[in-house]
Amino acid sequence: MTLTEPSSPVPTSTQRKLSTAKAMVEGIAQEMERDPGVFVLGEDVGSYGGIFSSTTGLLEKFGPQRVLDTPISETAFIGTAIGAAVEGMRPIVELMFVDFFGVCMDQIYNHMAKIHFESGGNVTVPMVLTTAVGGGYSDGAQHSQCLWGTFAHLPGMKVVVPSTPADAKGLMISAIRDDNPVVYLFHKGIMGLPWMAKNRRSIGPVPEDEYEVPIGKASIVRPGRDVTIVTLSLSVHHALDVADELAGDNVECEVIDLRSLVPMDTDTILESVGRTGRLLVVDEDYLSFGLSGEVIARVVERDPTLLRAPARRVCVPDVPIPYARSLEYAVLPTADRIRRAVLEVVTA
Amino acid sequence: MTEIPCPIISDTDPDAEGVVATWFVTDGDQVREGDLIAEVAVDKVDMEIPAPASGVIRLLAKEGDVLTQGTVVARIE
Amino acid sequence: MHLSAGQEPVAAGVCAHLTTDDAVTATHRPHHFAIAHGVDLRKMAAEIFGRVDGLGHGRGGHMHLFDPDTHVSCSGIIAEGYPPALGQALAFQRQGNARIAVAVTGEGAANQGAFHESLNLASLWKLPVVFVVEDNDWGISVPRSASTCVTSNAVRAAGYDMPGERVEDNSVEAVHAAAERAVARARAGEGPSLIEVHTLRLWGHFEGDAQGYRPDLEGVPGRDPLPTYEAELRRAGVLGDAGAREAADAAAQRVEDAIAFAKQSAEPAPETARDYVFA
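Residues numbered from 1 in each chain as written. Chains lettered and ligands numbered in written order. Predicted model: local features only at pLDDT ≥ 70, side-chain atom pairs only at ≥ 80, totals over all residues.

- As annotated in an unreviewed UniProt entry, chain A is Alpha-ketoacid dehydrogenase subunit beta from Haloechinothrix salitolerans.
- Of the comments in the UniProt record for chain A, the one headed Cofactor (unreviewed entry) reads "thiamine diphosphate". (UniProt positions renumbered as here; feature names shortened; annotations may be inferred.)

Spelled out as structure tokens, the structure:
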């Protein structure tokens, strides 16, 4: 078995295009072909193919010994993944919605994330916990949250959040090969699903060979001189739309896609803010005690003089995600809210 | 020139229909044989259409269009 | 610290059927199982003392013992050690080499969701697991009668289509016999079993627990299974004074050696407090 050196993950416009969901599945399939210890388990990951198409076609290709539909028993099957990882396998276990972590968090943060530490480094837990996040389609307060900040807050697990098809594949391959537990959160709105709202950025060029996108490295997806927008996941797409639009008004936004929360690429943020002097954090997770405050704290801790204007945040205010569309879109970090915040920051 | 038909959805119903769910290419793109170019939604399943040849693709339907199986959806020149 | 005294027959009776290729997942009260399954006593003692030569270099402590050499692990959370045992069993099932996983918990844990989810999944997938429930009558201060609607957790096994057996008298020989059946079934690929042992919490929930809530204390010392079994062996004529002394001395020597080892081992340096979070 030969491991291909990580190739350049930079996609080119002439490459064939995939949706984020198909790119993610391609990454899983290539690793399953390479390593017989990789297997998939979770609710509806078999013949259904994952309710957000995160495992489509894997059952047909690899069979029921390697793609396991589970009972609705998140504690049991996430724990199963942990034990299999302890014995050297590389499970990919899907928590259907991140909102469901309440029924199984003990396995995640007290076991998956702590066994390596408690064993003094003698036991590794190489597994990937995939989970769907995000709102925007009237699924209510228990099926629309992002919650990545909750996982990132607790020590012992890496946390990655792709926003593009190419990163979805490369981060998946990196996550599977990592010897640590990696929580891989994918937003339903970036998967390119025909039955969700159309999103032109959810389909993009994806290299066909296997490649890794390094965990812990942010990506400057659009350079700009006036303001740094630090964001992730679906909000990257909205931020890019706003940046495209404001470029016509001579406002140049630099957009940073974090891609990883743990570890976080603080250097890229600091370098950018050092150039622009202005910072906006856009986060579809809750406002308080989370990612947006963490990003600003890291900047201010290092050098409070970097900011020429007060930092701003566009997040979900501290309310559950409402059901009614008018209310839901009032709390999500929409392009309108991002645009207003950018203009406030650059004129401050 | 190669014509690309909407895939055969039903062996028994010649008028079976599908919806163009997603184009993975844009009009005028260079494609290679085997590349995924479109997905057609039929009831609960999605059928993929791969490029039957290499060349420049011309799209003859929009996302959301309802097509009878066999209808030409694109050409490769 | 949660001492295992009184529960030794469970570990001895079960682990007699295992090799160190089999996995054991123990509880917040894990030491009897760790010893019976062959964990290095020196490293275990050093971990309990929080020293660098401990199993987890002082990061885990007395209820987080992890030993990859013997596949022993622990969970300090009631019933939550069961699910990872399923994964070890799944890995063994795929290897096709008849290795098994033993998952241990207490009777209080049998009212937790993780217990029931695990029994269902293990039975559904015919995983090579032996579920062990140590019924020591007490969930800290709450008696079993106030926590559990059935008199035997073994009957719950029927709800998950697996054999369930209850050993009533903390007898190492009865545990040994029950475990023999369960281990054989698991190794044969026939799926999991559940064994509940009515054992004894000889001392408090933790060392220093005054146990003011416990009305049965008066008779407890007389039920200590070690002298009880010694007397039984003497009556049967298989153990004499010399043998008993030899066994006791050898055990005492091992323990003293382990404690001496732990005491001479250094405490972890404060500047290493952030080590081992990630591989």
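1. Side note on the overall build of chain C
Okay, step 1: When you go through chain C residue by residue, the secondary structure sums to 8 helices and 8 strands.
Okay, step 2: Its C-alpha atoms give chain C a radius of gyration of 19 Å, near enough to 19 Å, the size a compact globule of 279 residues would have.
Okay, step 3: Here the C-alpha coordinates of chain C stretch approximately 50 × 50 × 40 Å along the principal axes.
Okay, step 4: Counting across all 279 residues of chain C, residues that qualify as buried make up 47%.
Okay, step 5: Here the analysis covers contacts within chain C between residues at least 6 apart in sequence; of these, 72% occur between residues at least 24 apart. (Helix = DSSP H or I, 4+ residues; strand = E, 2+ residues; numbered from the N terminus. Rg over C-alpha atoms; globule rule 2.2 N^0.38 Å. Buried ≥ 20, exposed ≤ 12 C-beta atoms within 10 Å, placed from the backbone. Contact = placed C-beta atoms within 7 Å.)

2. Re the interface of chain A and chain C
Okay, step 1: Residue-level contacts link 33 residues of chain A with 30 residues of chain C.
Okay, step 2: For the side of chain A that touches chain C, the elements supplying multiple residues, two or more each, are α3 (74-86), α4 (105-112) and α5 (115-118) of chain A.
Okay, step 3: The dominant element in the side of chain A that touches chain C, judged by the number of residues it contributes, is α3 of chain A, at 10 residues.

3. So, the packing of helix α1 (residues 8-15) of chain C against helix α6 (residues 172-187) of chain C
All names here are of chain C.
Okay, step 1: In the contact formed by α1 and α6, the axes pass within 8 Å of each other and the chain directions differ by 40 degrees. Here α6 runs oblique to α1, going by the angle between their axes. The hand of the α1/α6 crossing is right-handed. Along its contact with α1, which presents Pro9, Val10, Ala12, Gly13 and Val14, the element α6 presents Val172, Val175, His176 and Ala179.
Okay, step 2: Residues belonging to the contact of α1 with α6 are distributed by class as follows: 7 nonpolar, 2 polar and no charged. (Axes fitted to C-alpha atoms, helices over the stretch in contact; angles between N-to-C directions. Parallel < 35°, antiparallel > 145°, perpendicular 65-115°, else oblique. Left-handed = near helix turned anticlockwise from the far one by under 90°. Nonpolar A, V, L, I, M, F, W, Y, C, P; charged D, E, K, R; others polar.)

4. As for the arrangement of the chains
Okay, step 1: Contacts are most numerous between chains A and C, taken over all 2 pairs of chains that touch.
Okay, step 2: One finds no contact between chain B and chain C; the C-alpha atoms of the two approach each other to within 28 Å at their closest.

5. With respect to the interface of chain B and chain A
Where the parts come together, the accessible area they lose is often given as the size of the interface.
Okay, step 1: On the chain A side, the residues contacting the 11 residues of chain B number 8 residues.
Okay, step 2: When contributions to the side of chain B that touches chain A are tallied by element, the ones reaching two or more residues are β2 (17-23) and β4 (36-42) of chain B.
Okay, step 3: No other element matches β4 of chain B, which puts 3 residues into the side of chain B that touches chain A.
Okay, step 4: A per-class count over the side of chain B that touches chain A returns 5 nonpolar, 2 polar and 4 charged.

6. Some thoughts on the UniProt feature "domain: Transketolase-like pyrimidine-binding" (unreviewed entry) in chain A
Okay, step 1: Under the feature "domain: Transketolase-like pyrimidine-binding" (unreviewed entry), the UniProt entry names residues 18-193 of chain A.
Okay, step 2: Annotated as 36% helix and 19% strand, the span residues 18-193 of chain A places its first and last C-alpha atoms 11 Å apart.

7. Quick word on the nonpolar core
Okay, step 1: In terms of nonpolar packing, the biggest core is built from 195 residues, with Tyr184 of chain A together with Val102, Val129 and Val130 of chain C touching the most fellow members.
Okay, step 2: Sort the elements by how many residues they give to this core and α3 of chain A lands first, with 8 residues.
Okay, step 3: Residue contributions to this core reach at least three from each of two domains, namely domain 1 (15-207) and domain 2 (219-347) of chain A. (Core = buried A, V, L, I, M, F, W, Y, C linked by C-beta atoms within 7 Å. Domains from an automatic or database assignment.)

8. Some points on the sheet that holds strand β4 (residues 90-97) of chain A
Note on sheets: strands pair through backbone hydrogen bonds, and any given pair is parallel or antiparallel.
Residue and element names in this part refer to chain A.
Okay, step 1: Taken in spatial order, the 7 strands of this open sheet run β3-β2-β4-β5-β7-β6-β12, and their pairing is mixed. Edge positions in the sheet fall to β3 (67-69) and β12 (260-262), since each has one partner strand and no second. Across the sheet, the mean angle from the axis of one strand to that of its neighbour is 20 degrees, orientation sign disregarded.
Okay, step 2: Sheet topology note: the strand β6 (residues 158-160)/β12 ladder contains 2 bridges and is antiparallel. Following the sheet pairing, Val160 is matched in β12 by Ser260. (Pairing = 2+ DSSP bridges.)

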